[in-house]
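# Chain and residue survey
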Amino acid sequence: QVQLVESGGGLVQAGGSLRLSCVASGNFFSIAAMGWYRQAPGKQRELVATITSGGSTNYADSVKGRFTISRDNAKNTVYLQMNTLKPEDTAVYYCNADLITGLMSRLRYWGQGTQVTVSP
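A brief look at the structure comes next. Being a predicted model, the structure only gives us computed values, none of them experimental.

## Here's the deal with the sheet that holds strand β7 (residues 67-72)
Reading across from one edge, β1-β3-β8-β7 is the order of the 4 strands in this open sheet, with antiparallel pairing throughout. In this open sheet, the two strands that pair with only one neighbour each are β1 (2-7) and β7. With strand direction ignored, the average angle separating the axes of adjacent strands in the sheet is 15 degrees. With 6 bridges joining them, β7 and strand β8 (residues 77-82) adopt antiparallel strand pairing.

If you want it as structure tokens, here you go:
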């Protein structure tokens, strides 16, 4: 089976920084894409940033210029560097991976989530 394990969340003051990481492990051949999503209480889960196997990135407008997504293919790891954090960034952040799990199998998996809390 596949596991995605996030880490790096925590409590930070507005204007501070955090770096999230997500490691994919288990039975898969390769990673097509990885990304980060977040969900605040009472709100819909939303895309934060994604990165494809080719290195193409995509960001939500609300985080452009503040967040940077990157990857380490050798370690099956994706990172999210979050700078100039705002209270509005407070949410549970979920790692997502689009994985090649077989010759004819490409599936999306989700991590357990890591809490990011930004105080005023």
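## Thoughts on the pattern of salt bridges
Inspection of every chain in the model, using the stated rule, returns 5 salt bridges. Residue Arg38 is joined to Asp89 by a salt bridge in which the shortest nitrogen-to-oxygen separation is 3.0 Å. Placement of the pair is Arg38 in strand β4 (residues 30-39) and Asp89 in the loop between β8 and β9 (91-102), with a sequence separation of 51 residues. For the pair formed by Arg38 and Asp89, the shared burial category is buried. For Lys64, the salt bridge identified is with Asp61, shortest N-O distance 3.3 Å. Asp61 gets classed as exposed once you look at its relative accessible area, which sits at 66%. Here the salt bridges share partners, and the residues they tie into one network are Arg38, Glu46, Arg66 and Asp89.

## Observations regarding the pairing of strand β3 (residues 18-26)
The pairing of β1 with β3 spans 6 bridges and is classified as antiparallel. When the sheet's bridge partners are listed, Gln3 is paired in β3 with Ser25. Where β3 lies against β8, 6 bridges are found, and the strand directions are antiparallel. Its bridge partner being in β8, Leu20 is matched across the sheet by Leu80.

Rules behind the numbers
- Residues numbered from 1 in each chain as written.
- Predicted model: local features only at pLDDT ≥ 70, side-chain atom pairs only at ≥ 80, totals over all residues.
- Heavy atoms only, no water.
- Pairing = 2+ DSSP bridges.
- Helix = DSSP H or I, 4+ residues; strand = E, 2+ residues; numbered from the N terminus.
- Axes fitted to C-alpha atoms, helices over the stretch in contact; angles between N-to-C directions.
- Salt bridge = Lys/Arg side-chain N within 4 Å of Asp/Glu carboxyl O.
- Buried < 20%, exposed > 50% of the residue type's maximum accessible area, 1.4 Å probe, protein only.

Everything listed is a geometric property; what it means functionally is a separate question.
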